[in-house]
Amino acid sequence: MSVANHALTIPADWRDFLALTKPRVMSLVVFTGLCGMLAAPAAIHPVIGFTAILCIALGAGAAGALNQWYEADLDAKMKRTQSRPLPAGRMDRQSALHFGVGVAALSVILMGLAVNYVAAGILLASILFYVLVYTVWLKRRTPQNIVIGGAAGAFPPLIGWAAATGEIALLPVLLFGLVFLWTPPHFWALALFVKTDYANAGVPMLPVVAGEKATRIQIGLYTLPMAVAAIAPWPLGLTGSLYGIVSIVTTALFALLALHVATRMASDNDAMKPEKRLFAYSISYLFILFGAVAADRMMA
């Protein structure tokens, strides 16, 4: 059933607007932004810090809403997204558009007025990158959508650091690089076990366009520079030994899981457990690493 034919069969409520913001994705975005702020070598007033994190959450939620507004037709074709408010017919697209634009504007303006213009500028860039570059330009056109589009989710530690200091430094740039390089193996692991969904929706994800073997090789290859970006802050003297030890141990486990995925091929009726294991661990991996960055700074 099309989105148009299924429109507004059930009235939208606050839970549908919350679902538009992709709260599970937002939690990682907010956490990396918070850790970027806590790792900065500058104290920030608690109220201003809270406001900055609120703005990051609002900006991420707005980007998620605009993504769902634009991709309502794709979401209707994929099993894992059919229950979202727009394809399920609980909300019309215009409401989602107005909500997304309004919340995005609020987040950037509030960040600029209450925190600083550097953080506001980076927040605006992250929203525009996710919506215009990734969602509108890349998603439906190229299997490199995740590679280039990964930059959108890498901005939060830069925003958090800028909120505390008003500037950018090498450590948040490395954290940006870590998330940017983490994104392809993270999403391609997911794409391997939901390949049929992407194929049905006509989304040119790498497993659909290049095949399973090429995707597995790319997961292995991207893990290498990701590992370098993850561990680099310690030998460069930007973090202490706590982060160094945590980064080495957790990255080694990531690499082992990625190696398993990269060197196997799925058989008939394969449950894709290694791919699901890598995907699940990759989320925990970022939470642990960024938590270590913040803890390392607080213990210094």
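Please read all numbers here as calculations on a predicted model, not as lab measurements.

Caption draft 1: Structural detail: the overall build of the chain. Within the chain, the regular secondary structure consists of 14 helices and zero strands. Starting at the N terminus and ending at the C terminus, the chain contains elements arranged as α-α-α-α-α-α-α-α-α-α-α-α-α-α. Computed over its C-alpha atoms, the radius of gyration of the chain comes to 19 Å, within 12% of the 19 Å expected for a compact globule of 300 residues. Projecting the C-alpha coordinates of the chain onto the three principal axes gives extents of approximately 60 × 50 × 25 Å. At a minimum sequence separation of 6, the contacts of the chain that also span at least 24 residues come to 74%. Total accessible area on the chain is roughly 13,400 Å²; 69% of this is exposed by carbon and sulfur atoms. Computed over 20 positive and 13 negative side-chain charges, the inter-centroid distance for the chain is 3 Å.

Caption draft 2: Quick look at the confidence of the model for the chain. On average, residues of the chain carry a pLDDT of 92, and 96% of them reach 70 or more. The low-confidence segment residues 1-9 (pLDDT under 50) makes 16 contacts with residues lying over four places distant or belonging to another chain.

Caption draft 3: Seen up close, the nonpolar core. By size, the foremost hydrophobic cluster in this structure holds 83 residues, and its most contacted members are M111, L178 and Y285. Sort the elements by how many residues they give to this core and helix α9 (residues 170-193) lands first, with eleven residues. Core analysis: the next-biggest nonpolar cluster, separate from the first, contains six residues, L20, A72, M91 and A96 among them.

Caption draft 4: Structural view of the pattern of salt bridges. Within the structure shown, the criterion is met by nine salt bridges. We note a salt bridge from D13 to R15, for which the minimum N-O separation is 2.7 Å. The structure contains a network of salt bridges with shared partners spanning E212, R216, R264, D270 and E275.

Caption draft 5: Spotlight on the environment of P143. Inspection of the secondary structure puts P143 in the loop between α6 (117-138) and α7 (145-149). Counting along the chain gives 60 residues from P143 to V203, while the straight-line C-alpha distance between them is 8.3 Å. For P143, the contacting residues outside a window of four places in its chain are W188, P204, M205, L206 and V209.

Caption draft 6: Expanded view of the packing of aromatic side chains. If you walk through the whole model with that rule in mind, you get twelve aromatic pairs. Clustering of aromatic rings is evident, with ring pairs tying together F129, F155, F176 and F180.

Caption draft 7: Region of interest: a nonpolar patch on the surface. Residues V118, I168, L170, V173, L236 and L238 make up a contiguous nonpolar surface patch of about 460 Å² in total accessible area. Counting through the fold element by element, V173 comes out in helix α9.

Caption draft 8: Up close: the packing of helix α13 (residues 241-262) against helix α14 (residues 273-299). Contact geometry of α13 with α14 gives a least axis separation of 9 Å together with a crossing angle of 170°. Between α13 and α14, the angle is such that the two are roughly antiparallel. Of the residues assigned to the contact of α13 with α14, the class counts are 18 nonpolar, six polar and three charged.

Caption draft 9: The packing of α9 against helix α12 (residues 212-231), seen in detail. Packing of α9 against α12 leaves a shortest axis separation of 9 Å and a crossing angle of 155°. Considering the angle they form, α9 stands roughly antiparallel to α12. For the element pair α9 and α12, the recorded crossing hand is left-handed. For the pair α9 and α12, the contacting residues are L174, G177, L178, L181, W182, P184, P185, W188, A189 and L192 in the first and E212, T215, R216, Q218, I219, Y222, T223, P225, M226, A229 and A230 in the second. Along the lines of polarity and charge, the residues of the contact of α9 with α12 split into 15 nonpolar, four polar and two charged.

Caption draft 10: Region of interest: the environment of A232. Relative to the assigned elements, A232 resides in the loop between α12 and α13. The exposure class assigned to A232 is buried, which follows from its relative accessible area of 15%. Separated by 47 residues in the primary sequence, A232 and F279 have C-alpha atoms spaced 23 Å apart.

Caption draft 11: Representation of helix α5 (residues 93-114) in the model. Helix length check: α5 (22 residues) gives 31 Å between terminal C-alpha atoms against 32 Å at 1.5 Å per residue, within 8%. Taken together, the buried positions of α5 are A96, G100, V103, A104, S107, V108, M111 and G112. On an axial view of α5, the arc spanned by its buried residues comes to 160°, and they lie on one face. Across α5 from its buried face, at more than 90 degrees, point the exposed residues Q94, I109 and L113.

Caption draft 12: Structural context of the state of the cysteines. Applying the stated criterion across every chain yields a total of zero disulfides. Among the cysteines around C35, which has no disulfide bond, C55 carries the closest sulfur, lying 18 Å off. Exposure remark for C35: the relative accessible area of 2% places this residue in the buried category. A relative accessible area of 0% places C55 in the buried class.

About the criteria used
For every chain, the first residue of its written sequence is number 1, and the numbers climb from 1 along that sequence. In keeping with the model being predicted, local features are shown solely for residues with a pLDDT of at least 70 and side-chain atom pairs are shown and tallied solely at 80 or more, while totals for entire chains, interfaces and linings include all residues. Note that water and hydrogens are dropped before the side-chain values are worked out from all heavy atoms of the structure. For the purposes of this entry, the term helix denotes a DSSP run of H or I that reaches at least four residues, the term strand denotes a run of E that reaches at least two, and both are numbered from the N terminus. Using C-alpha atoms as the atom set, the radius of gyration is obtained and then compared with a globule rule of 2.2 Å times the number of residues to the power 0.38. We call two residues in contact whenever any of their non-hydrogen atoms come within 4.5 Å of each other. Surface accessibility in these figures is a Shrake-Rupley result with a 1.4 Å probe; residues are shielded only by whichever protein chains are displayed. His is not counted here, nor are the chain ends, while Lys and Arg score as positive and Asp and Glu score as negative. Each charge is placed at NZ for Lys, CZ for Arg, CG for Asp and CD for Glu. Residue-level confidence of the predictor, termed pLDDT, takes values from 0 up to 100. Buried residues of nine kinds, namely Ala, Val, Leu, Ile, Met, Phe, Trp, Tyr and Cys, make up a nonpolar core once their side-chain atoms join them within 4.5 Å. Whether a residue is buried, partly exposed or exposed follows from its accessible area with a 1.4 Å probe, protein chains only, as a fraction of its type maximum: under 20%, in between, or over 50%, in that order. For this analysis, a salt bridge means a side-chain nitrogen from Lys or Arg found within 4 Å of a carboxyl oxygen belonging to Asp or Glu. Each Phe, Tyr or Trp ring (for Trp, its six-membered ring) is paired with any other whose centre lies within 6.5 Å, and the angle between the two planes then decides the class: stacked below 30 degrees, edge-to-face above 60, tilted in between. Within the patch definition used here, like charges are joined within 9 Å and nonpolar side chains (Val, Leu, Ile, Met, Phe, Trp, Tyr) within 5 Å, considering only residues with over 30% relative accessible area and no salt bridge. In this description, a line fitted to the C-alpha atoms serves as the axis of each element, helices being fitted only across the stretch in contact, and the angle between N-to-C directions of two axes falls anywhere from 0 to 180 degrees. Orientation categories follow fixed angle ranges, with anything under 35 degrees roughly parallel, anything over 145 roughly antiparallel, 65 to 115 roughly perpendicular, and all other angles oblique. Any residue outside Ala, Val, Leu, Ile, Met, Phe, Trp, Tyr, Cys, Pro, Asp, Glu, Lys and Arg is labelled polar, Gly included; the first ten of those are nonpolar and the last four are charged. For any pair of crossing helices, the crossing counts as left-handed if the nearer helix is rotated counterclockwise from the farther one by less than a right angle, and right-handed if it is rotated clockwise. One fewer than the residue count of a helix, multiplied by 1.5 Å, yields its expected span. Working definition: the arc comes from the directions between the helix axis and the C-beta atoms, pointing outward to the latter. Note that a disulfide, as used here, is simply two cysteine sulfur atoms within 2.5 Å.

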